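Architecture at a glance
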Amino acid sequence: MKNSIKNTLTILFFLTFSISFAQNIEGVVLTSENIPLEAANIVIKGTTSNTTTDSKGKFSIDTRGKLPFTILVQYVGYKTTELEFTALPAAPINVTLNEENALIEVVVSSRRRIEKVQDVPIAISVITGKQAEQTGAFNVNRIKELVPSVQLYSSNPRNTGINIRSLGSPFGLTNDGIDPGVGFYVDGVYYARPAATTLDFIDIDQIEVLRGPQGSLFGKNTTSGAFNITTRKPSFTSGADFEVSYGNYNFLQAKASVTGALASKLAGRLSFSGTQRDGLIDNVVTGRPTNTLNNQGIRGQLLYTPSENTNIILAADITTQRPDGYAQVVAGVAPTQRAGYRQFDAIIKDLNYQLPSLNAFDRKIDHDTPWRSGQDMGGISLNIDTKIGNGTLTSTTAWRFWNWDPSNDRDFTGLQVLAKSQNPTRQTQFTQEVRYAGQLTSKISGVVGVFFIDQTSQTNGTEESGNAQWRFAQSTTSSLWKTPGLFEGYGIKTDARIRSSSAAVFGQLDWAITERIHILPGLRYNFDKKDADYARTTYGGLQTTDPALLALKKSVYSDQSFTSNTDNTDFSGNITLTYKASDKINAYATYAKSYKPVGVNVAGLPTDSKGQPLLELAVIKPEKVNHYEIGVKTSPFRNSVFNLAFFNTEIKDFQTNVQAAELGVNRGYLANADKVRVRGAELDASFVINRNLTINGAATYTEGTYVKFTNAPLPLEETGAPVAFKDVSGTDLPGASRWAGSLGGELSDDAKFFGNKGKIFLAVDSYARSEFSSSPSASKYLVVPGYAIFNARLGFRASEGLSIHFWGRNLLNKDYYEQLLPAGGNTGQYAGVIGDQRTYGITLKYKL
């Protein structure tokens, strides 16, 4: 009897102890319209502990004493909500679930604070990481199909230009001596090399595309816009997701990410991305397809939280590309004004050569020089955020590198004209930014910061002639051109170095004059210094002392060296007036005086009649930008966005890239156009028709014009004319389509797949642009025709567990060019960077 009482008391004591220490969370789950949701699933992430809500939407769940923990709240047709707790809440919680197709107002950090994108007085587009993944936008070149104001042109990673509203980088080949006008930031770190835009995204959380000058908000001056990219941060709650895609042409892409706590105040995240694909262009000589994909990237992050007010993130990443690719296909032949025997067709006839195809979209080449576009890029960064007063002090310190290892066939033929064309480059950069953003008074908020960058770039290049060079270079009927071995093996070794430093103080205020009227002034002071050294030395070919033969060799390649040192300071700024007419209408007007730093030529200079470099072209004047913009952001009805912006940008001393007829001017050279103007309008719209159907679209009209450019290079068909330059005032800027747009939609419904609740969906996207000039001086042969492409996806999507979808890109198999460019020496033939043909495949994703 005593034992029975003792056992009963022991059990009661244990139950009482257990109940008294039970750590339950109670709450209620509601829709966005405050309607209770019955049978919503409540899960402690990473455990088997779960429950469901009752008819009043209420729940109670045991956390099992685990801290920190994350609660998942799930219901079919609604977006899953994750709630992370570091301590037990003192009262029941309210959880609001939004419909999966509901147009949730996206928050952005472009003004260095978290705010709704519709409240930001900037033309801005936001692509979430999930949206990028679902549409297959794994790099910037794919993002342009979602944001038509963005243009990206790439004949290889080095020769990549990214523009917003047709401004940012000179169209054509890259010159290291100028700064891009579009800023590219990843987690607050500025990436100086345009090649970064060709890399695969790794574990992206959100991509913000800001349009127009942003010099008072970002460390590096940006005259035409910025990409503000954030990656997914480490979490103290364990999680992982895996994704693999397979498609035609043996396309294979794998992604993985794992995160979790490493200690009580330390969390980590490790992410990987890899992409491979066979070539899309056939080399009839080697018998192998070229233009492959071979990309790998890894990114690691450590998050340390020494206190509630401080976050420290140490991040490191490295990405490699080893494609057999970026070959261009001969797209046509332009008759020039040179003598008949100097026309391309006459030249190849004399050499008994025939192009493998006269149709670029047969996708056949016979290039004899291998195409190689190897690059390595990576770095390390330390980001510290500390809350001080009513704001946050942020320090971002970073070191990055870029190594470029190329090989090109710049004559685009199977002839040994240019046997070698390669300019390996090593670039490093150090950046430091410190800024404070927050509420300064009851009516004034803002951001103020300082920024510094120091970067060095060194190129050790080689360009070498082959046995067919004599016929392409021949400029007289003298028989000396046929001298055996005169040009074979004759080339130049190039040593180009540049060191560039920039420092700036910047800031912007937001003064609430009334609750609805705000005025936002911004200022920036910039100092820029650039030191460049260029030297090239000839070698090889026939060794001779004959003055006539030496003169012929010198007409192809000559020794050249020069040094340029320059610095410049500038004040710039902007002012914006906003008026929030209602919760659904926000209007703004902006004037910005912006500045693009002084530039230097580090790829060779054209020569005068005596063969001497034109040193007056060594330094390029800075751009002076005047920008005007008005816009309105509206939500005309529930779950809708309709935004409109009008802009006018005028640039004095526009920095443009010029393709020279001289072979020794590698990658072209830089020059100033007196004045250009870009004006136009943009429309962004998204509509949720009902819980099953969404539609989104964007359109832009852009008119880009040389207002005054009297010393422009000759267009391809005028090569050989008795004048050296042409007045192209009033003609279109290169790369500027008058019209561009995207339109897409998704139809979805509730479904189950292998026991997982989710959505079955069908999505269609389209992108189109009108024709544009592909030459600094408009050439009728280098006009890229307009085109439209259509993509689609069909599959099942779940918040957790397995998702699957089938995808197709360029479903109508449209043949289109992305860029046209003349061959080295402007001999008449020109090549095209051609868009991908139809591709399709399947993607599987599993999320824990």
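What comes next is a walk through the structure. (Residues numbered from 1 in each chain as written. Predicted model: local features only at pLDDT ≥ 70, side-chain atom pairs only at ≥ 80, totals over all residues. Heavy atoms only, no water.)

Quick word on the overall build of the protein chain
Counting secondary structure elements, the protein chain contains six helices and 51 strands. Seen through its principal axes, the protein chain has C-alpha atoms that stretch 125 × 60 × 45 Å. Of the contacts formed within the protein chain by residues at least 6 apart in sequence, a portion of 69% connects residues at least 24 apart. Of the side chains in the protein chain, 84 bear a positive and 78 a negative charge, and the two mean positions are spaced by 3 Å. (Helix = DSSP H or I, 4+ residues; strand = E, 2+ residues; numbered from the N terminus. Contact = heavy atoms within 4.5 Å. Lys, Arg positive; Asp, Glu negative; His and termini not counted. Charge placed at Lys NZ, Arg CZ, Asp CG, Glu CD.)

Side note on helix H6 (residues 547-556)
Those residues of H6 lying buried are Leu549, Leu552, Lys553 and Val556. All buried residues of H6 project into a common sector of 95 degrees when viewed along the axis, lining one side. Across H6 from its buried face, at more than 90 degrees, point the exposed residues Pro547 and Lys554. Here the buried face of H6 lies against strand S30 (444-465) and helix H5 (469-473). Its side-chain oxygen 2.9 Å from the backbone nitrogen of alanine 548, aspartate 546 forms the N-cap of H6. (Buried < 20%, exposed > 50% of the residue type's maximum accessible area, 1.4 Å probe, protein only. Arc of directions from axis to C-beta. Polar contact = N/O pair within 3.5 Å; in protein donor to acceptor, adjacent residues only side chain to side chain.)

Examining the environment of glutamine 416
Of note, glutamine 416 is situated in the loop between strand S27 (391-407) and strand S28 (418-422). The partly exposed category is assigned to glutamine 416, whose relative accessible area is 27%. Distance from glutamine 416 to alanine 473, taken between C-alpha atoms, is 12 Å for residues 57 residues apart in sequence. For glutamine 416, the residues in contact, after removing those within four places along its chain, are Asp368, Thr369, Gly466, Asn467, Ala468 and Gln469.

Digging into the nonpolar core
It is characteristic of soluble globular proteins that their nonpolar side chains tend to be buried jointly. By size, the foremost hydrophobic cluster in this structure holds 34 residues, and its most contacted members are Phe412, Leu415, Phe472, Tyr817, Leu820 and Tyr830. Of all the secondary-structure elements, those providing two or more residues to this core are strand S24 (329-333), helix H4 (344-350), strand S49 (817-822) and strand S50 (829-834). A total of four residues in this core trace back to one element, the largest contributor, which is S50. If near-sequence neighbours (up to four positions away) are discounted, leucine 415 is found in contact with Ile348, Leu351, Tyr353, Asp368, Ala468 and Phe472. Core analysis: the next-biggest nonpolar cluster, separate from the first, contains 29 residues, Val150, Leu152, Ala195 and Val209 among them. (Core = buried A, V, L, I, M, F, W, Y, C linked by side-chain atoms within 4.5 Å.)

Structural notes on the pattern of salt bridges
Applying the stated criterion across every chain, the model contains 38 salt bridges. Residue glutamate 682 is joined to arginine 165 by a salt bridge in which the shortest nitrogen-to-oxygen separation is 2.7 Å. Of this pair, glutamate 682 sits in strand S39 (residues 669-690) while arginine 165 sits in the loop between strand S12 (160-164) and strand S13 (182-186); the two residues are 517 residues apart in sequence, bridging distant segments of the chain. Relative accessible area serves as the criterion here: at 3%, glutamate 682 is assigned to the buried category. Among the ionic pairs, arginine 322 bridges to aspartate 376, the shortest N-O distance being 2.9 Å. In this pair, arginine 322 sits in the loop between strand S23 (310-321) and S24 while aspartate 376 sits in strand S26 (residues 372-388), placing the two residues 54 residues apart along the sequence. Judged by relative accessible area, which is 43%, arginine 322 ranks as partly exposed. Each member of the salt-bridge network shares a partner with another, and the members are Glu133, Asp203, Arg232, Arg269 and Lys845. (Salt bridge = Lys/Arg side-chain N within 4 Å of Asp/Glu carboxyl O.)

Brief notes about the packing of aromatic side chains
Tallied over the entire structure, the rule returns 22 aromatic pairs. Consider the rings of phenylalanine 637 and phenylalanine 687, whose centres lie 5.8 Å apart with planes at 25 degrees: the pair is stacked. With phenylalanine 637 in the loop between strand S37 (623-634) and strand S38 (640-658) and phenylalanine 687 in strand S39, this residue pair connects regions lying 50 residues apart in the sequence. Residue phenylalanine 687 is classed as partly exposed on the basis of its relative accessible area of 23%. Ring geometry for tyrosine 706 against phenylalanine 709: centres 5.1 Å apart, planes inclined by 45 degrees, an arrangement best described as tilted. In terms of burial, tyrosine 706 and phenylalanine 709 fall into one category: buried. A connected cluster of aromatic rings, assembled from ring pairs, spans Phe184, Tyr191 and Phe227. Taking NZ or CZ as reference, arginine 400 lies 3.9 Å from the ring centre of tyrosine 191, over its face. When the ring centre of tyrosine 539 is taken as reference, the NZ or CZ atom of lysine 493 above it lies at 5.3 Å. (Phe/Tyr/Trp six-rings, centres within 6.5 Å; stacked < 30°, edge-to-face > 60°. Lys NZ or Arg CZ within 6 Å of the ring centre and 35° of its normal.)

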